[in-house]
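Structure assessment
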Amino acid sequence: ADEESYGWELKWDGLRAVAYVSGGTVRLVSRNEKEMASSYPELAVLARRIGVPVILDGEIVALHDERPDFGLLQSRMHVLRPDDTLVADVPVHYYVFDVLYQGQDVLIGRPYTERRARLGDLGLDSGPFRTPPWHRGGGDKVLAESITKGLEGVVGKPLGSAYHPGQRRDWIKIKNVKQQEVIVAGWKPGEGRRADTIGSLLLGINDDAGQLRY
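These notes cover the structure that comes with them.

How each quantity is defined
- The written sequence of each chain sets the order in which its residues are numbered from 1.
- Per-residue local features of the predicted model are confined to residues with pLDDT of at least 70, and side-chain atom pairs are confined, for both listing and counting, to 80 or more; whole-chain, interface and lining totals are unaffected and use all residues.
- Side-chain calculation: all heavy atoms of the structure are included, whereas hydrogens and water are not.
- With a 1.4 Å probe rolled over the protein chains alone, any residue whose accessible area is under 20% of its type maximum counts as buried; one over 50% counts as exposed, and the rest are partly exposed.
- For helices the rule is a DSSP run of H or I covering at least 4 residues; for strands it is a run of E covering at least 2, with both sets numbered from the N terminus onward.
- By construction, the arc corresponds to the directions joining the helix axis to the C-beta atoms.
- Being paired, for any two strands, means DSSP has found at least two bridges between them.
- In this analysis, two residues are considered to be in contact whenever any of their non-hydrogen atoms come within 4.5 Å of each other.
- To define axes, lines are fitted to C-alpha atoms, for helices over the stretch in contact only, and angles between the resulting N-to-C directions are given on a 0 to 180 degree scale.
- Any two rings among Phe, Tyr and Trp, with Trp reduced to its six-membered ring, count as a pair given centres within 6.5 Å; such a pair is stacked if its planes are under 30 degrees apart, edge-to-face if over 60, and tilted if neither.

Right, let's talk about helix H4 (residues 112-121) for a bit. Listed in full, the buried residues belonging to H4 are Tyr112, Arg115, Arg116, Arg118 and Leu119. Mapping the buried residues of H4 onto a view down its axis gives an arc of 160°, with all of them on the same face.

Take the sheet that holds strand E9 (residues 135-136) next. In spatial order, the strands read E9-E1-E10-E11; together these four strands make up an open sheet with antiparallel pairing. Taken across any chain shown, the strands that pair with only one partner, and hence form the sheet edges, are E9 and strand E11 (172-175). With two bridges joining them, strand E1 (residues 6-11) and E9 adopt antiparallel strand pairing. Each bridged residue has a counterpart across the sheet, and for Trp8 the counterpart in E9 is His135. Of the strands in this sheet, E1, E9 and strand E10 (153-158) are in contact with H4, which crosses E1 at around 50°. Taken strand by strand, helix H5 (residues 139-148) contacts E1, E9, E10 and E11, and its axis lies near 5° from that of E1.

In this section: the packing of aromatic side chains. Taken as a whole, this structure holds four aromatic pairs when the rule is applied. With a centroid separation of 5.3 Å and an interplanar angle of 80°, the aromatic rings of Tyr112 and Trp134 are classed as edge-to-face. Here Trp134 lies in the loop between strand E8 (129-130) and E9 and Tyr112 lies in helix H4, a separation of 22 residues in the sequence. With relative accessibility at 0%, the residue Tyr112 sits in the buried group. Trp134 sits in the partly exposed class, given a relative accessible area of 25%.

What follows is the structure in structure tokens.
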């Protein structure tokens, strides 16, 4: 009912990363405090794009036909030092949606609208970097756009809200979910930690001729 008091953004299916840019270097840190910069060397140019120290929040994304492809990203996620061939075959982008520090300014207590304005002024919307747009209100239209583009969903952030490090946030996340009725035809036993339990289900759907297909 109060969607007009939120800023709405498209949700990108990737790997969350906080970027620390200072002294000509870039650190990329995951949610569980894992250092990831060596896995994504093409993002090191971020240090040359920004003239002052900053801390950014965003999502590392691999694209297929201009859409995020998490399965494609997985081929990069666990490679500590990818070779040139892998970097060329599976390039990544850094979609930046928040700025927490800039120069001497601590921004985590500033309103969402101000942080987004600061982020826009950084000019990170070319090469491997993207600053996705946000919309003041109109969440239903943004959700419809996400469905049309085959994206994961939308995120709503209160216009006057501060940034809350960690898990405590007042964001609204709406995911697009595809559903399919299936017939459970059987199961396969698990292996390893799933030994002595169900490992997977064997599912089927009826085709146009009414035949059950795996």
